[in-house]
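Residue-level structural notes
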Protein chains: 2
Amino acid sequence: MPTVISATNQTPRAELELGPRIQEYGEKIFALIDAAESPSLFSKKGFYGTLMDWAMRDEHFKTQLFRFVDVLPMLTSSSEIARHLKEYLGEEQVNLSPALRLGLKAAGGASWLFGAGIKSQVTGMARQFMLGNDDKEIVATLRKSHEQGIAFTVDILGEAVVSEAEADQYAQRYLDLMDLLGREIARWHHPCKSNDSPRGPVPPLNVSVKISALYSQIHPTDPDTAIDRISARLRPILQRAKELGAFINFDMESYVLKDLTLRLFKTIFSEEQFATSPACGLAIQAYLRDCETDLEEIINWARARRRRITVRLVKGAYWDYETVISQQQHWPVPVFAHKAETDTNFEKLSLMLLENEDAVDAAFGTHNVRSIAHVLAQAERLGIERLNFEFQMLYGMADPIKEAVLQLGCRLREYCPVGELLPGMAYLVRRLLENTSNEGFLANKFAKGASRGELLKNPSSVAATPAFQSTLNHQPSTRFHNEPHTDFTVTAEREKMHGAVQEERRKLAQHHPLIIGNKPVATPEWLPSLNPANQKEVIGYAAQATVEHAEAALAAARRAQPAWGRTPAADRAELLEKVSFLMRRDKATLSALEVLEAGKNWPEADADVAEAIDFCSFYAAVMRDLGQPQRTQAVAGESNLQHWWPRGVGIIIAPWNFPLAILTGMTSAAVVAGNAVIMKPSDQTPVIGARLMDLFMEAGFPPGVVNLLTGPGGKVGAHLVGHPQIDFIAFTGSKEVGLKIWETAGRTAPGQVDLKKVVCEMGGKNCVIVDSDADLDEAVLGCIASAFGYQGQKCSALSRLIVVADNYSKFLERLIAAAASMRVGPAEVPGNVIGPVINRDAQKRIIDIIQSGKQEAKLAWQGTVPNDPIA
Amino acid sequence: MPTVISATNQTPRAELELGPRIQEYGEKIFALIDAAESPSLFSKKGFYGTLMDWAMRDEHFKTQLFRFVDVLPMLTSSSEIARHLKEYLGEEQVNLSPALRLGLKAAGGASWLFGAGIKSQVTGMARQFMLGNDDKEIVATLRKSHEQGIAFTVDILGEAVVSEAEADQYAQRYLDLMDLLGREIARWHHPCKSNDSPRGPVPPLNVSVKISALYSQIHPTDPDTAIDRISARLRPILQRAKELGAFINFDMESYVLKDLTLRLFKTIFSEEQFATSPACGLAIQAYLRDCETDLEEIINWARARRRRITVRLVKGAYWDYETVISQQQHWPVPVFAHKAETDTNFEKLSLMLLENEDAVDAAFGTHNVRSIAHVLAQAERLGIERLNFEFQMLYGMADPIKEAVLQLGCRLREYCPVGELLPGMAYLVRRLLENTSNEGFLANKFAKGASRGELLKNPSSVAATPAFQSTLNHQPSTRFHNEPHTDFTVTAEREKMHGAVQEERRKLAQHHPLIIGNKPVATPEWLPSLNPANQKEVIGYAAQATVEHAEAALAAARRAQPAWGRTPAADRAELLEKVSFLMRRDKATLSALEVLEAGKNWPEADADVAEAIDFCSFYAAVMRDLGQPQRTQAVAGESNLQHWWPRGVGIIIAPWNFPLAILTGMTSAAVVAGNAVIMKPSDQTPVIGARLMDLFMEAGFPPGVVNLLTGPGGKVGAHLVGHPQIDFIAFTGSKEVGLKIWETAGRTAPGQVDLKKVVCEMGGKNCVIVDSDADLDEAVLGCIASAFGYQGQKCSALSRLIVVADNYSKFLERLIAAAASMRVGPAEVPGNVIGPVINRDAQKRIIDIIQSGKQEAKLAWQGTVPNDPIA
């Protein structure tokens, strides 16, 4: 198998030799730039220039300005616009630096900024970076560039694709655009200079495709289906490209889609019909820590197939997003921490591309003069003619650099977004951020007057930083960290989960006794727990406690509590931490059991287990703090300390919808505080309850501190709630049962020594309001997630949706389409977002509510359940 | 009127001139000291020397050692002693410095220290400072000193005087001691050198009296009675002194007794029978900031009467106590902050005494060579023969200095405590502290080897510190400070309180309407509130609300709450702070009203008002903090803020036993949090409730936020507790009512939108355990205060007393005597500690309980109520 030529080991030496040459090229480019005019963006004149100037002077103003620009597309009336301006940029919101405040005053700033016509001003700004949506305008703009010797690639802007209908529309827009441009190019009299390579002509029609736009239901758990569905929408586009002799580039988006994009590229261009045509390529993002491997693989893939592809090397446009998301998830940050590292990596990969120019065509996407000069110097060193590769720059950005590159006899392609301007405002914000970034080349050069020396400095002279260190050390700690959710984009994680489901399935239909004083207790009756997706599958048989068993459990808890309550808080916390470690060990199998017994899809089951781990480690950490007596006040001659003492013995009554998390949360908080408890899991999920009991025992909780009592809640639970020896009740469940418990606990029974404490979390009817300035992409996806996550069986589920009239029709249309696009089926199948509801009763109740809804209002849309006998 | 000769303005100049002379005297004394042996105390040999050495090296060891010495008298068995040694001085308790740890090891320390015989070792230590209780030993010791030319004054050690029986015993012990010593002195062949003054012989029998030992019921509110009772026990002593030609000195104790002691001295020695005899004197403590005035007054008093008295100038022995107590009370600290200030003041007052030697005899009580040298130099300058004054030093301390002073031809008197050694251990601890103090002259000279230059340095060269700054600035502050209790030792405060009672009495028998929406509402029926000490006196007539009034109040609160809940927290806090300012303004009249309506004695009433002020300022401060949204956690890309929202409308049901504090506390917490409330004061104290309502209105609370509903709790209160529109209930009162409220609130009424929150503080049965190592002085006083404070009508009152058998008989005897000594009568009379119980029902219930107690157990003692028709 052929192997990529690696430049890794020779770069440092080569760099030493090339340093002066890179500086020379850089100076040459700067000379050309300085001869040209400063780009209008940085002229500090006019609306845009002034705003950019302010934004660079004041970070907070910048943030608020860009937030305003982001929301602007949704605002329809000028009073709304004025209100939002005031809200985002009013003096109280923007804590302006004194200098900026002075500047604003001098310019009569606010009144000018807050005047009329802001929307058209901002639209004007957007027009600088986008081609718009008018066919005539698009072709006119491209023709003008063509005449200047600049080639293009087009990309279609737009909303997030929230439904299959929208994905269909998006695919169609590509076809339409290709037809339009095909007709246009046919009219051009001469080829574009920039499409003239020594290896032969380059296709003039170059289209950049975002694969996320071609399927609305991409889920990390199920890349196979995503590949299938995207391929289905891609094939007509590739077919048309073949017909038109067009070039198709796969853009790179966020990291979560990267492996999918690479796999799709290799898969679809291996299909016989596309094995040699159309011409194709893809982007590689130099800011990714793992992109070198990707580039090597793609070069090897191309060389092995003797198919020339183009690699567009870019730095990457989602740095903030990737950083924030990975930190939120406690996942390793996939991007380099510092811009200089990315720039260094860009140079390394540039060299790799040049060294492998036998197999791949290189397209260098950068506005950075140092990066460009480095490419030119390396190509010169390697004896590669500079028409063998091309530079790519964004439409509307860095015009003097484009001019300079052209004057140096290089090929240049502009990346041209087309589409409606206002919905494309997110793209505008990205460009504005780039133009005002402290680390951006353009701002440093044109706005901040950095010296040529600084701008041409070798980025590798800045020390690299270590890869992201996980803050999870799995050690007892008073600092709490959320347990990361499983990253199902990682193949090994998906395989582990598949294996865990199989493993759990092998353990079905066992009998799960009561546990009293850490001893199993069998009962005369046993209740089967069924897979809600397949009622013929028995997950397990749960013991059915009688009142006598309840008394025995209570006696065991009462015996255990005094010693447990006197056990040092740190020791109790340590045992609970041990439970969290065991849960982490068993994470996949616990999730798999939830999939089978509760009908949760993979990520929901995984999140529930993570939350259970969180409860254990959080309450342990809190107890370690609370366990230290706290000085409450400093009064001379007094020693005032606050100690926390346990309440005694409690009963924990948990629901089935977060079958592990809530049971664990209520139990672990109680026991770590020194109480003894009787766990009463839901009748729907007793096997998960039994599994949790196993973990408490394995961790080493003393007999009687945690007891497991499965059985009829109405009888056994009620008996304990009213029992004079129960000190507290922790309940999560329905309002009806909760209020009954509250009322029962209010009565002081004979022999009861203290008031009963009730922690009672009951149902909710949550509403979402979609305001007139809502980002509908986010609003649709948020509502779908809230309303239909775990089949809507959460107390926090969206159950009333209020949409302000302005957006009503459009929002409803998109929401229905998005709902209709969701995949319904057994939760164990990855990619099935909607699984079964918990049991037949729940299903019937829901169907009844739909029926009565139909009487009271107009049905907007109703889905269907595949293969369900009663649906 | 003759005026004291003041040295104030001439001291600095005189000091400049005298400096070298003081140094010369100092050097002379040091030469004499160094010629003598180092005092055994600091020899670092033997048990005592080693302990002192360790104590000076390690502050924590010192504290624990002295605590052990303090408790030792109570320990009867050696196993108990061993256990306490381990507890106080075990390694975990005493975090020994490494150096000391090493030293202990080298000396085989612990085993030697923890060995047997510790009690006799410590007794031996005590014997160094006290003369013991054996008549023969006492006279033998005094005779020995007499032979050495050292005069004496005797003082009787002993427990705190907790009862009148003990005060009688104490007075008798003085008489016995005087008889003993009178007989002894009669046998001496020659007068003591130190009693030979140029003005004539000084009485050889010199007795120091602690006036606190002569009356058990000294209360700041009632110095008149204290003067009467102490005088009654003093007269036989003074009479005997006359007969024996003895000298009587009044010792000075803590600051709270100072004015009383001065007044007593002037009063009793103005009585005709004591106007010229016996010889007398008193102590002045130089560490008191106000002692100069006292000294001037006493000199003037003596000069005016042409009666020579002796002033014993000391530095003062209660510095730590005075500092801690005044800081606890937020009162000005009466003592100088720095030792050097006290030493400077001592010199100033020394000079004043010498300059007024025409009127008073001076006795300089000091072990400080600098202070002694200063006296000698000043006397020389003024041409005063040095036999015209005397030095006084403590028995068992500073022997080489005594020797030196005698060799210089001065008169010397030893202060000799007599009495049982073990009960006098507190005196031993004071001496040990003095010997090991960082600032003490003796430790610096004999243990730490300070240079003569340091030891003779002019103390005024150390800058004086400003007087104590009160931390109360009466400004809104997020830092909370307790409101100081009124210092009734201050005459003006007592007069203010007398005036306030009279003022309140002028306002009796008014009608107090309901207040709904800040409007008065009259009712058909009115209930009189009676003075519990005089049921014929109507404090006021309280409106009696009906259910319709309750509904109206609820409606007003519901109307007011939404706007109030949205009022910024800081604004709500400010209004509450205003209430606290108004209460501070009205402190005396509010207290006076409590005296009349609730039967609280002065300090209890004052404390209740202070607590009400505290509640307002504390909750306001807390709300200022809580009103700021709190960031709960730092998750990338998220903004997590915690806001506190009001619950709605509540009812506040308060008891009569803290008629202002608890009503204010429950109300102010609720309203500052944004709730609206209906205040339901107790039927026993409605006038206080009405007064509080007035303050809320005067502060500017909007209509409906606080409403006042007096009337039948069983009907109106119960109606509101169960009302669906009541969101919360704050209740303090009986268990029966509390449990009923708890149960009612547990039922969710139709139309109720949220669960009712109940804050329910109910009765208590508190117990005190008197352990075998308890300090019985403290235990008796603590039990008396806890059991009988406000006639025992507090939830925290001691109601079960458990005494470990070792102490039972002695403790019970002292407790009964102490209880029998308490003054019973109307609370408005200052000094009446026991006032009336709240009403006839309460009285009957208590009498019934005593009756049934007599059936079940043996009555230990029963008091009587003066002038009560049914008692």
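For the rest of this paragraph, the subject is the overall build of chain A. Secondary structure assignment for chain A yields 31 helices and 24 strands. The C-alpha radius of gyration computed for chain A amounts to 32 Å, which stays within 12% of the reference 29 Å derived for 871 residues, consistent with globular compactness. The buried share of chain A, taken over its 871 residues, is 54%. Residue pairs at least 24 apart in sequence account for 78% of intrachain contacts in chain A once pairs closer than 6 positions are excluded. With the model as given, the accessible surface of chain A reaches about 37400 Å², and the carbon-plus-sulfur share is 53%.

Looking now at the relation of the copies chain B and chain A. It takes a turn of 180° to lay chain B on chain A, together with a shift of 0.2 Å along the axis; the resulting RMSD is 0.1 Å. Read as a symmetry element, the transformation amounts to a two-fold axis. Taking C-alpha positions as the reference, the residue of chain B nearest the rotation axis is G746 of chain B, at 2.5 Å. Of the residues that chain B buries at the interface, 100% are likewise interface residues in chain A, meaning the two copies contact each other through the same surface.

Residues and elements named next belong to chain B. Taken together, 3 strands build an open sheet; the order of strands is β11-β15-β14 and the sheet is mixed. Each having just a single partner strand, β11 (510-512) and β14 (526-531) make up the two edges of the open sheet. On average, adjacent strands in this sheet sit at an angle of 40° to one another, irrespective of strand direction. Sheet topology note: the β11/strand β15 (residues 534-543) ladder contains 3 bridges and is parallel. Residue H512 lies in a different strand from β15, and its bridge partner there is A542. Packing of helix α26 (residues 686-699) onto the sheet brings it into contact with β11, β14 and β15, and relative to β15 it is tilted by some 45°.

Size of an interface, as often reported, equals the accessible area lost when the parts are brought together. The interface is formed by 17 residues belonging to chain B together with 17 residues belonging to chain A. Of the roughly 1500 Å² buried between chain B and chain A, counting both surfaces, carbon and sulfur atoms make up 64%. Along the contact surface separating chain B from chain A lie 0 salt bridges. Across the contact surface, chain B and chain A share 0 residue pairs in polar contact (both at pLDDT 80 or more).

The predicted model of chain A has a mean per-residue pLDDT of 89, with 91% of residues at 70 or higher. Here residues 466-478 of chain A is modelled with pLDDT under 50, and outside its nearest four sequence neighbours on either side it reaches 21 contacts, counting other chains as well.

For the rest of this paragraph, the subject is helix α7 (residues 118-127) of chain A. When we look at burial in α7 of chain A, the residues that qualify are I118, V122, T123, M125 and A126 of chain A. Down the axis of α7 of chain A, the buried set is contained in an arc of 155°. They therefore lie on one face.

Moving on, we come to the packing of aromatic side chains. Residue and element names in this part refer to chain A. Under the counting rule described, the total for this entry stands at 34 aromatic pairs over all chains. Taking 5.7 Å as the distance between ring centres and 65° as the angle between the ring planes, the aromatic pair formed by F618 and Y619 counts as edge-to-face. With a relative accessible area of 36%, F618 lands in the partly exposed category. Using a relative accessible area of 24% as the deciding quantity, one classes Y619 as partly exposed. Its end group placed over the ring of F346, K315 keeps NZ or CZ at 4.9 Å from the ring centre.

A separate point is the packing of helix α10 (residues 223-244) of chain A against helix α11 (residues 258-268) of chain A. Residue and element names in this part refer to chain A. In the contact formed by α10 and α11, the axes pass within 10 Å of each other and the chain directions differ by 55°. Accordingly, the angle class assigned to the pair α10 and α11 is oblique. For α10 against α11, the interelement crossing comes out right-handed. Between α10 and α11, the contacting residues are P223, D224, A226, I227, I230, S231, L234, R235 and L238 on the first element and L260, R263, L264, T267 and I268 on the second.

Moving on to unusual backbone geometry. Between S277 of chain A and the following residue, P278 of chain A, the backbone shows a cis peptide bond with an omega angle of 5°. Secondary-structure assignment places P278 of chain A in the loop between α11 and β6 (279-285). Unlike most non-glycine residues, R306 of chain B shows phi in positive territory, near 50°. Position of R306 of chain B relative to the elements: it lies in the loop between α12 (291-305) and β7 (309-314). With phi around 55°, A398 of chain B is a residue other than glycine that occupies positive phi space. If you trace the backbone, A398 of chain B turns up in the loop between β9 (390-394) and α16 (399-407).

This part is about the pairing of strand β24 (residues 798-803) of chain B. All names here are of chain B. Pairing geometry for strand β23 (residues 766-770) and β24, over 5 bridges, is parallel. Of the residues in β24, the one forming a bridge with V768 is L801. Since β23 and β24 lie parallel, the crossover through helix α29 (residues 776-788) that links them has a hand, and here it is right-handed.

Attention now goes to the packing of helix α11 (residues 258-268) of chain B against α12 of chain B. Residue and element names in this part refer to chain B. Two elements in contact, α11 and α12, have axes separated by 12 Å at closest approach and are oriented at 5°. Judged on the interaxial angle alone, α12 and α11 are roughly parallel. When α11 is examined against α12, the residues K258, L262, F265 and K266 are found in contact with a partner set consisting of D294, E297, I298 and W301. Taken together, the residues of the contact of α11 with α12 break down into 4 nonpolar, no polar and 4 charged.

A separate point is the sheet that holds strand β9 (residues 390-394) of chain A. Residue and element names in this part refer to chain A. Read around the closed barrel, the 8 strands follow the order β1-β4-β5-β6-β7-β8-β9-β10; overall the barrel is parallel. Across the sheet, the mean angle from the axis of one strand to that of its neighbour is 25°, orientation sign disregarded. As paired elements, β9 and strand β10 (residues 411-418) share 5 bridges and run parallel to each other. Residue pairing across strands places F391 opposite L412, the latter belonging to β10.

Turning to the side chain of D343 of chain A, a few remarks are in order. Residues and elements named next belong to chain A. Locating D343 in the fold gives a position in helix α14 (residues 339-355). Owing to a relative accessible area of 10%, D343 belongs among the buried residues under this scheme. Beyond its immediate sequence surroundings of up to four residues, D343 is in contact with K315, N368 and P459.

Residue and element names in this part refer to chain A. With respect to the element layout, Y215 can be found in the loop between β4 (206-209) and α10. Take Y215: its relative accessible area is 2%, and that puts it in the buried class. Between the C-alpha atoms of Y215 and S821, which are 606 residues apart in sequence, the distance is 9.6 Å. Residues contacting Y215, with those up to four places away along its chain left out, are E164, A167, T225, A226, R229, I230, R233 and R823.

Turning next to the pattern of salt bridges. Applying the stated criterion to the full structure yields 94 salt bridges over all chains. The partner of R263 of chain A in a salt bridge is D224 of chain A, with the nearest N and O atoms 2.7 Å apart. Residue R263 of chain A is located in helix α11, and its partner D224 of chain A is located in helix α10; the two are separated by 39 residues in the primary sequence. Take D224 of chain A: its relative accessible area is 44%, and that puts it in the partly exposed class. Across the pair D343 of chain B and K315 of chain B runs a salt bridge whose closest N-O atoms are separated by 2.9 Å. One end of the pair, D343 of chain B, is in helix α14 (residues 339-355); the other, K315 of chain B, is in the loop between β7 and α13 (319-329), with 28 residues separating them in the sequence. Salt bridges here are not isolated pairs; linked through shared partners, they connect D155, K210, D251 and R312 of chain A.

A separate point is helix α21 (residues 547-566) of chain A. All names here are of chain A. Along its 20 residues, α21 runs 29 Å from first to last C-alpha, staying within 8% of the 28 Å computed at 1.5 Å per residue. The largest bend along α21 reaches roughly 35° and is located at A560, with the proline P562 sitting one to four residues downstream. Inspection of α21 places H549, A550, A553, L554, A556, A557, A560, Q561, W564 and G565 among the buried residues, and these make up the whole buried set.

A few words now on the side chain of S682 of chain A. Residues and elements named next belong to chain A. Checked against the element boundaries, S682 lands in the loop between β19 (676-680) and α26 (686-699). The exposure class assigned to S682 is buried, which follows from its relative accessible area of 9%. Within the structure, S682 has its side chain in polar contact with the backbone nitrogen of Q684 (distance 3.0 Å).

What counts, and where the lines are drawn
Residues numbered from 1 in each chain as written. Chains lettered and ligands numbered in written order. Predicted model: local features only at pLDDT ≥ 70, side-chain atom pairs only at ≥ 80, totals over all residues. Heavy atoms only, no water. Helix = DSSP H or I, 4+ residues; strand = E, 2+ residues; numbered from the N terminus. Rg over C-alpha atoms; globule rule 2.2 N^0.38 Å. Buried < 20%, exposed > 50% of the residue type's maximum accessible area, 1.4 Å probe, protein only. Contact = heavy atoms within 4.5 Å. Areas by Shrake-Rupley, 256 points an atom, 1.4 Å probe, with all protein chains shown as cover. Least-squares fit on C-alpha atoms with pLDDT ≥ 70 in both. Pairing = 2+ DSSP bridges. Axes fitted to C-alpha atoms, helices over the stretch in contact; angles between N-to-C directions. Buried area = accessible area lost by both parts, 1.4 Å probe. Salt bridge = Lys/Arg side-chain N within 4 Å of Asp/Glu carboxyl O. Polar contact = N/O pair within 3.5 Å; in protein donor to acceptor, adjacent residues only side chain to side chain. pLDDT = per-residue confidence, 0-100. Arc of directions from axis to C-beta. Phe/Tyr/Trp six-rings, centres within 6.5 Å; stacked < 30°, edge-to-face > 60°. Lys NZ or Arg CZ within 6 Å of the ring centre and 35° of its normal. Parallel < 35°, antiparallel > 145°, perpendicular 65-115°, else oblique. Left-handed = near helix turned anticlockwise from the far one by under 90°. Right-handed = clockwise from strand over helix to strand, strands pointing away. Nonpolar A, V, L, I, M, F, W, Y, C, P; charged D, E, K, R; others polar. Expected span 1.5 Å × (residues − 1). Bend = angle between axes of the 7 residues up to and from the residue.

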